[in-house]
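Each chain is listed here by its residues.
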Amino acid sequence: MERHVAPLTGPAGSGPATAAALQRAAASASPALAASLQEADGLKAWLGTGDDALSAAPPPPKPSRGSPSPSNGAKTAPREVPASVVAAAAAVGQALRNAPQTPFLAMAARASSPPRTSTGSTAPAGGESVWLAAPSGVSAQSRLIVDLPDAEFTYIERPWSHFVTRWAAIDVELEEAFGEEAQFSVIDLGSCCGFFSLQAAAGYPQAFVIGVEGSVGVGNGTTGVEGTQEQIIETKAIQTHLKWVQKLGMTNCLVAPDVWDYHKVCSLAAIGQPICDVMFLLSVVHHVDNVSAEQYEADGLGRVEGTVSLMAKLLQLSPRHFVELPDKPWLDHIYAAFGTARAFLDAAAKMSGRQWSFVGPLCVSEWYGRREVWLLEEVGIRRPEAAGLRALSRPGLEALFPRVLPSPASTSTFSGTFPSPPGTGGRAVGAAAPALSAAGYKTGGRPSLTPQEELGAALLAAPTALIAAHLQLRDAMVSAETLLREATTTASMR
Ligand SMILES: C[S@@+](CC[C@H](N)C(=O)[O-])C[C@H]1O[C@@H](n2cnc3c(N)ncnc32)[C@H](O)[C@@H]1O
């Protein structure tokens, strides 16, 4: 099979020292070469400082929003929500406030009433959220682990039932995949006030959950479009999340104030290893897509191509994803190109280069149109031999974020000092949760990272051209190894 390898471009492609670094980076994805490299001088040598090859092209300091552009002239794409989306969100908000008689508002008015669940497959109507995959006789309400106050956790009046049914649907799948005592990691992208992160961390005390919240799009304002990290931390959603982490004495639930965009996702995918075991991508992909439009263009991708590539790379970050996409008018270009959210996900799954099983829809909610929650699970992940494809350890995962909260010091101060609140469901939560024991899941301190995890952190700090070159070289190495294997087989048959 022929494989196209694009030529190296940009600063990373020039200079023998950088070329050497790229070759070593490529080798990291090739077991044979990585082994011989480690014998020689070790991956850490090139990831370190001093006169190693990478220092020939030092990464710029991580820009914080609102800070001046890096002085090396590298283009930093502004994170801008298109005016059309901002206007649409404002118009919808206005309509909500001004038109209490609309059917949509009638749905919102039921926000705090108990969720109506269904064990059948009847389609939802009038803003209901229906858990289609509910086991017989199980109510969504019964799956709640922590009884969180809806007034603190809903946003733009999204009905509370939508939170309860979506969590119930996710929880049943998590329990089936992992059991309650398993260790696994979750990234909840666009975690908003932390409803899903808190439920997951409480329900699975051995798991480790990071909510990524950037205050972009809809739900937690738009501070992240221009604001600094400090300003994102001050947003209502992050403060609510942290308040409840503290209140519940949790040590396995963190928040990363961070705006993800296409380049960030590409960097993470370039690590070449799942960064977590589960991702929640609930009503957020369209917002990440919006802030990535200029990056697609800069990379020579059309809008549709860019969005499919974004989704494909998100899929590469984990073997399991709970995905909820919005209906039109969001992702208009995608609906125009693919017709349905499912067809779009199929295209992204194909582009990811991995095989996925689609489970669902687990849950369907009426919210500005129809939103379905699907579980996409990598085929074969439950087989024992798939254990080799491990996600990053907790320290490795934390190292990927510029900042995670609460800091270890404040976590240990608060841990266990708050009683579990009433209504914490049948499972252990907060102070009652057993201490996290396995090496990779300990809190406090920063244990040394594996070479792959250090590679991940280094890639995130690297210029885009270096990341692109890393990917190209990795592909080239895979092709070369395949060719070599074919040649060896052919030779041995002669
Ligand atoms: C519509 S809310 C969805 C909240 C939650 N996932 C749910 O389904 O209920 C979208 C959330 O994602 C956050 N968000 C949007 N784009 C983001 C990005 N590029 N990076 C990080 N967070 C983002 C928003 O600030 C907001 O809190």
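The model shown is predicted, which means the values in this text are computed figures rather than measured ones. (Residues numbered from 1 in each chain as written. Predicted model: local features only at pLDDT ≥ 70, side-chain atom pairs only at ≥ 80, totals over all residues. Heavy atoms only, no water.)

**Concerning the overall build of the protein chain**
Rules: Each helix is a run of H or I in the DSSP string that is no shorter than four residues. Each strand is a run of E no shorter than two, and both are numbered from the N terminus. Relative accessibility decides the category of a residue: with a 1.4 Å probe and only protein chains considered, values under 20% of the type maximum give buried, values over 50% give exposed, and everything between is partly exposed. Two residues qualify as a contact provided that any one of their heavy atoms is within 4.5 Å of a heavy atom in the partner residue. Note on areas: Shrake-Rupley, 1.4 Å probe, and residue coverage restricted to the protein chains presented here.
A tally of regular secondary structure across the protein chain gives 21 helices and eight strands. Burial statistics for the protein chain: of 494 residues in total, 50% are counted as buried. Counting contacts in the protein chain only where the partners sit at least 6 residues apart, residues at least 24 apart contribute 75% of the total. Roughly 21,000 Å² of accessible area belongs to the protein chain as shown, and the carbon and sulfur atoms make up 57% of that amount.

**With respect to the site of the ligand**
Selection rule: It suffices for a single heavy atom of a residue to lie within 4 Å of a molecule or strand for the residue to be listed as near it. Under this definition, polar contacts are N or O atom pairs within 3.5 Å; protein pairs additionally need one hydrogen-donor-capable and one acceptor-capable atom, and for neighbouring residues in sequence, both atoms have to be side-chain atoms.
Contacts to the ligand come from 21 residues, most closely from Tyr155, Arg166, Glu213, Val216 and Trp260. Between the ligand and the protein, one listed contact pairs an oxygen atom with a side-chain N or O atom of Tyr155 at 2.8 Å. Within the backbone of Leu282, one N or O atom sits 2.9 Å away from a nitrogen atom of the ligand. For the ligand, whose accessible area on its own is 600 Å², the fraction buried by protein is 99%.

**A word on the sheet that holds strand β8 (residues 370-378)**
Our working definition: In short, DSSP must find at least two bridges between two strands for them to pair. Lines are fitted to the C-alpha atoms to define the axes, a helix being fitted only along its stretch in contact, and any angle between axes, read from their N-to-C directions, falls within 0 to 180 degrees.
Spatial ordering of the open sheet is given by β1-β7-β8-β6-β5-β2-β3-β4, a layout of eight strands whose pairing is mixed. The open sheet has two free edges, formed respectively by β1 (129-131) and β4 (253-257), since each of these has just one partner strand. Across the sheet, the axes of successive neighbouring strands diverge by a mean angle of 20°, strand direction being ignored. Pairing of β1 with strand β7 (residues 356-366), which is carried by three bridges, proceeds in the antiparallel orientation. The partner of Trp131 across the bridge, within β7, is Cys363. Sitting on the sheet, helix α11 (residues 236-247) touches β3 (208-213) and β4, and the angle it makes with β4 is about 160°.

**Describing the pairing of β3**
For clarity, the threshold we go by: Handedness is read with the strands pointing away from the viewer; a crossover is right-handed when the path from the first strand over the helix to the second is clockwise.
Counting buried residues in β3 gives six out of six residues, a clear majority hidden from the surface. Sheet analysis places strand β2 (residues 185-189) next to β3, joined by five bridges and oriented parallel. From the neighbouring strand, Val186 faces β3, where its bridge partner is Val209. In this view, the connection linking β2 to its parallel neighbour β3 by way of helix α8 (residues 195-203) has right-handed handedness. Here five bridges tie β3 to β4, and the two strands are oriented parallel to one another. Bridge pairing in β4 places Ile210 opposite Leu254.

**Observations concerning the packing of helix α7 (residues 160-178) against α8**
Applied cut-off: The cut-offs work like this: below 35 degrees is roughly parallel, past 145 is roughly antiparallel, 65 to 115 is roughly perpendicular, and the gaps in between are oblique. Working rule for handedness: look at the near helix, and if it is turned counterclockwise from the far one by less than a right angle, call the crossing left-handed; if clockwise, right-handed. Ten residues, namely Ala, Val, Leu, Ile, Met, Phe, Trp, Tyr, Cys and Pro, are considered nonpolar, four, namely Asp, Glu, Lys and Arg, are considered charged, and the remaining ones, Gly among them, are considered polar.
One way to put it is that α7 packs onto α8 with a least axis distance of 11 Å and a crossing angle of 40°. As far as their axial angle goes, α8 and α7 are oblique. The handedness of the crossing between α7 and α8 is right-handed. Residue-level inspection shows Trp160, Phe163, Val164, Arg166, Trp167 and Ile170 of α7 in contact with α8, the latter providing Phe195, Phe196, Gln199 and Ala200. Of the residues contributing to the contact of α7 with α8, the split by class is eight nonpolar, one polar and one charged.

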